[in-house]
Amino acid sequence: MTIAIDRVLRSNLKLKHLQLLVALDQFRHLGRAAEFLSLTQPAVSKSLAEVERMFGLDLFVRSTRGTEPTAYGETVVRFARSVLADYGRTRDEIAAVASGAAGRVSVGTMVVALPGLLSRAVALLKERSALTTVAIEEGDLTRLLPRLRVGELDLFVGRLEPGYAAPDLETEALYEEPMCIVCRPDHALLRKRRPGWADLATQPWVMPPSWASSRIKLHQLFYRQGVNPPVDVIESASFLVTLNFLRQRGAIAFVARDVARYLAREQLAKTLRIAVPIELPPVGIITMRHRRRTPAAEQLIESLRRAVVHGARR
């Protein structure tokens, strides 16, 4: 059976088969996958049956509710996503060379790195190679690490949460980044000389996701002050969501120092005069340990290292 599957993966599967499997996994419905692929539903059913016949395995379970990948199907879909990501990366590199550009790099980032580190790094990269395309996707580890693993991202920049360490990941710590508590410039708490944790607990908040070490340690800090954590909470790892609720709802936000500085420069928020004695994982880079890096990815990583030095001089 191993030999047969090896033959299928190396010789029999075509690009259209891989695109079909990814579409079925994404939409979980034959009709919607067919519409996305500009095919008829019978054509999609026939192609899926063809792929399953090649493997001699059921890859999807059909029901009145749609299609669900089997355990075999999930494995093959991961393979398909990885191959399509490599295909897209190679296509972009060839197109860049043909057009005189200097390649493309895809980076996933957490908010902590976006307004400071990554912005400086991209500026440094563009000074050296203005035609390099940088694709930036904001999110958190739970969403971005799977995309890094299948090759849809070249690297990740954010907090190096210890709970997500794994043998297939290579990490590089760049700097420590403390947290601040911010609010919009006209917030009533700014008029208090010494706002306390009891004052903060009664406010609406925008907080990092519950799995984040910054969120866990913030709750612990409330408890150490003898106060229950806030209950009126919006959870988000999005910069835009945080800014929206901070401005529109008057929420308190828990953000990295670089983010707080950016908001202050743009007169979007001010930092509350309250110490936040929390130790957090450093900000750094995550890449796949044994994946070949493109020249554009190497340039961005080097620019990130230089951006740390530039930032320290400011």
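What this report covers is the structure whose coordinates are included nearby.

About the cut-offs
Residues numbered from 1 in each chain as written. Predicted model: local features only at pLDDT ≥ 70, side-chain atom pairs only at ≥ 80, totals over all residues. Heavy atoms only, no water. Helix = DSSP H or I, 4+ residues; strand = E, 2+ residues; numbered from the N terminus. Buried < 20%, exposed > 50% of the residue type's maximum accessible area, 1.4 Å probe, protein only. Areas by Shrake-Rupley, 256 points an atom, 1.4 Å probe, with all protein chains shown as cover. Lys, Arg positive; Asp, Glu negative; His and termini not counted. Charge placed at Lys NZ, Arg CZ, Asp CG, Glu CD. Contact = heavy atoms within 4.5 Å. Axes fitted to C-alpha atoms, helices over the stretch in contact; angles between N-to-C directions. Parallel < 35°, antiparallel > 145°, perpendicular 65-115°, else oblique. Nonpolar A, V, L, I, M, F, W, Y, C, P; charged D, E, K, R; others polar. Phe/Tyr/Trp six-rings, centres within 6.5 Å; stacked < 30°, edge-to-face > 60°. Pairing = 2+ DSSP bridges. Core = buried A, V, L, I, M, F, W, Y, C linked by side-chain atoms within 4.5 Å. Salt bridge = Lys/Arg side-chain N within 4 Å of Asp/Glu carboxyl O.

**Notes on the overall build of the protein chain**
Thinking step 1. Counting secondary structure elements, the protein chain contains 12 helices and 12 strands.
Thinking step 2. In the protein chain, which comprises 314 residues, the share counted as buried stands at 46%.
Thinking step 3. With an accessible surface of roughly 16400 Å², the protein chain has 52% of that area assigned to carbon and sulfur atoms.
Thinking step 4. The centroid of the 45 positive side-chain charges in the protein chain is displaced by 4 Å from the centroid of its 32 negative side-chain charges.

**Comments concerning the side chain of Ser303**
Thinking step 1. Assignment of secondary structure puts Ser303 in helix H12 (residues 295-313).
Thinking step 2. Aside from chain neighbours lying at most four places away, what touches Ser303 is Ala121, Leu124 and Leu125.

**Some details on the packing of helix H6 (residues 114-128) against helix H11 (residues 257-265)**
Thinking step 1. Interhelical geometry of H6 versus H11 gives an angle of 90° and a closest axis separation of 7 Å. As far as their axial angle goes, H11 and H6 are roughly perpendicular. Where H6 approaches H11, its residues Pro115, Gly116, Leu117 and Arg120 are matched on the opposing element by Asp258, Val259 and Tyr262.
Thinking step 2. Grouping the amino acids of the contact of H6 with H11 by side-chain chemistry returns 4 nonpolar, 1 polar and 2 charged.

**Regarding the packing of aromatic side chains**
Thinking step 1. Inspection of the entire model under this criterion finds 5 aromatic pairs.
Thinking step 2. Residues Trp197 and Phe222 carry aromatic rings whose centres are separated by 5.0 Å and whose planes lie at 85° to one another, so their mutual orientation is edge-to-face. Remark: Phe222 occurs in helix H9 (residues 213-224) and Trp197 occurs in helix H8 (residues 197-201); sequence separation between them is 25 residues.
Thinking step 3. For Phe222, a relative accessible area of 0% gives the class buried.
Thinking step 4. In textbook terms, an aromatic cluster arises when at least three aromatic residues are bridged by ring pairs, as seen for Trp197, Trp205 and Phe222.

**Focus on unusual backbone geometry**
Thinking step 1. For Ser38, which is not glycine, the phi torsion reads 60° and is therefore positive.
Thinking step 2. Residue classification places Ser38 among the exposed positions, given a relative accessible area of 67%.
Thinking step 3. Phi angles above zero are rare outside glycine, and Gln267 is one such case at about 60°.
Thinking step 4. Relative to the elements of secondary structure, Gln267 occurs in the loop between H11 and strand E11 (270-271).
Thinking step 5. Of the residues examined, Gln267 reaches a relative accessible area of 65% and is grouped as exposed.

**Observations regarding the sheet that holds strand E12 (residues 283-288)**
Thinking step 1. Ordered in space as E4-E3-E5-E12-E6, the 5 strands form an open sheet in which the pairing is mixed. Only two strands of the sheet have a single partner each, and these edge strands are strand E4 (133-138) and strand E6 (169-175). Averaged over all pairs of adjacent strands, the angle between strand axes in this sheet comes to 25°, irrespective of strand direction.
Thinking step 2. When strand E5 (residues 155-159) meets E12, the two strands line up antiparallel, connected through 4 bridges. In the sheet register, Phe156 faces E12, and the bridge partner there is Ile286.
Thinking step 3. The sheet contacts of helix H7 (residues 141-149) involve strand E3 (104-109), E4, E5, E6 and E12, and relative to E12 the element is tilted by about 35°.

**A word on the nonpolar core**
Thinking step 1. Core analysis: the biggest nonpolar cluster contains 70 residues, and Leu117, Ile181 and Leu304 have the highest contact counts within it.
Thinking step 2. Top contributing element to this core by residue count: H12, with 7 residues.
Thinking step 3. Leave out the neighbours within four places in its chain, and Leu304 touches Leu117, Leu118, Ala121, Leu155, Val157, Leu174 and Ile285.
Thinking step 4. Judged by nonpolar contacts, the second largest core, of 21 residues, contains Val22, Leu30, Val76 and Leu84.

**What about the pattern of salt bridges?**
Where charged atoms from two side chains of opposite charge come close, those side chains can pair.
Thinking step 1. All chains considered together, the criterion is met by 17 salt bridges.
Thinking step 2. Among the ionic pairs, Arg149 bridges to Asp168, the shortest N-O distance being 2.7 Å. Here Arg149, found in helix H7, pairs with Asp168, found in the loop between E5 and E6; they are 19 residues apart in sequence, far enough to count as distant.
Thinking step 3. For Asp168, a relative accessible area of 27% gives the class partly exposed.
Thinking step 4. What emerges from the salt-bridge pattern is a single network uniting Asp25, Arg28, Glu68, Arg81, Glu137, Arg143, Arg147 and Glu152.

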